[in-house]
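# Per-entry structural report
One-letter residues, chain by chain:
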Amino acid sequence: TWSPAQLNHILAYSVANELPPTEANVNLMIDTAAQLKTALSLVKGAMKPVTACLQFIPGWISGGKFTTQAIKLFKALDPIICFNIYGLFFSSQTSGNVIPSLLNKALSWSESDGSIVFDNFKSIKSAMNDAGLSDYKFWVTEVGWGSAPFGKINDQWANMKNAKQFYTNFLKIQKQDA
């Protein structure tokens, strides 16, 4: 049992993290959210928004527009749109030789430098407006840069120097809303 103090620290519940955008997964997330809300209604102080953390991939958002699966999901959850955003870090670009200008845009948090992360933010905000969801909150639920190579990501992308630059650039931003 959670104490009232512990429940006060919960901002929202997520019914999924980076599930693929299949019809079966969307229906599962919608059903899970409904069951969770029913269960939470029985616990004083436990009711908080219910959402899902999605991966910024074409199955959820493409060409600055949400897919039909994404819109179906968003309309069934509480009005918070959550995305895990990694710019180019997990893309096919990270397996080959680094193009310096592309790396700089991937590490940047400055709109004026062509930041890929900020472009992702703007794409989501545009998709929210286009889908009539502009009143929803937009939360970036994960963002980051790895310091060690893994999978297809090579050490020209994933290293301490680049990770430090990414987070230093993050700390320099002065914006509240992308």
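Structure's up top.
Residues numbered from 1 in each chain as written. Predicted model: local features only at pLDDT ≥ 70, side-chain atom pairs only at ≥ 80, totals over all residues. Heavy atoms only, no water.

### Some remarks on the sheet that holds strand β2 (residues 50-55)
Neighbouring strands of a sheet are bound in pairs by backbone hydrogen bonds; such pairs are parallel or else antiparallel. Here four strands make up an open sheet; going across it, the order is β1-β2-β5-β6 and the pairing parallel. Whereas interior strands pair on both sides, the edge strands pair on one side only; in this sheet they are β1 (13-17) and β6 (137-143). Within the sheet, the average angular offset between the axes of one strand and its neighbour, ignoring direction, is 30 degrees. The sheet contact formed by β2 and strand β5 (residues 80-85) spans three bridges and is parallel. (Pairing = 2+ DSSP bridges. Helix = DSSP H or I, 4+ residues; strand = E, 2+ residues; numbered from the N terminus. Axes fitted to C-alpha atoms, helices over the stretch in contact; angles between N-to-C directions.)

### What to know about the packing of helix α4 (residues 100-107) against helix α6 (residues 160-172)
The contact between α4 and α6 brings their axes to 9 Å, and the two run at 45 degrees. In terms of their interaxial angle, α4 and α6 are classed as oblique. Taking contact as the criterion, the partners of L103, A106 and L107 in α4 are, on α6, N162, Q165, F166 and N169. Class assignment for the residues of the contact of α4 with α6 results in four nonpolar, three polar and no charged. (Parallel < 35°, antiparallel > 145°, perpendicular 65-115°, else oblique. Contact = heavy atoms within 4.5 Å. Nonpolar A, V, L, I, M, F, W, Y, C, P; charged D, E, K, R; others polar.)

### A word on the nonpolar core
F66, F74, F83 and W145 are the most contacted members of the largest nonpolar core, which has 46 residues in total. Of all the secondary structure elements, the ones that give two or more residues to this core are β1, α2 (23-40), β2, α3 (68-76), β5, α4, α5 (116-130) and α6. Top element by residues in this core is α5. It accounts for seven residues. Not counting the four nearest positions on each side in its chain, F66 is found in contact with W60, I61, I71, F74, I81, F83, I124, A127, M128, A131 and L133. (Core = buried A, V, L, I, M, F, W, Y, C linked by side-chain atoms within 4.5 Å. Buried < 20%, exposed > 50% of the residue type's maximum accessible area, 1.4 Å probe, protein only.)

### Considering the pattern of salt bridges
Pairing between side chains becomes possible if they bear opposite charge and their charged atoms approach one another. Taken as a whole and judged by the stated rule, the model has four salt bridges. Here K37 ties to D78 by a salt bridge, and the two come within 3.0 Å at their closest N and O atoms. You can see K37 sitting in helix α2 and its partner D78 sitting in the loop between α3 and β5, a full 41 residues away along the chain. Judged by its relative accessible area of 25%, K37 falls in the partly exposed class. As a salt-bridge pair, K122 and E111 come within 3.6 Å of each other at their nearest N and O atoms. Linking K122 in helix α5 with E111 in the loop between α4 and α5, this pair joins segments that are 11 residues apart in sequence. E111 sits in the partly exposed class, given a relative accessible area of 37%. Ionic contacts of the salt-bridge type, sharing partners, join the residues E111, D119 and K122 into one network. (Salt bridge = Lys/Arg side-chain N within 4 Å of Asp/Glu carboxyl O.)

### Some details on the packing of aromatic side chains
In this description, a pair of aromatic rings is defined by centroid distance and the angle of the planes. Following the criterion strictly, the structure yields 18 aromatic pairs and no others. Judged by centre distance (6.1 Å) and plane angle (85 degrees), the ring pair of W109 and F118 falls under edge-to-face. What makes W109 buried here is its relative accessible area of 5%. Relative to F170, the ring of W109 lies with its centre 4.9 Å away and its plane at 65 degrees, an arrangement referred to as edge-to-face. One end of the pair, W109, is in the loop between α4 and α5; the other, F170, is in helix α6, with 61 residues separating them in the sequence. Accessibility expressed as a relative area gives 35% for F170, which makes it partly exposed. (Phe/Tyr/Trp six-rings, centres within 6.5 Å; stacked < 30°, edge-to-face > 60°.)

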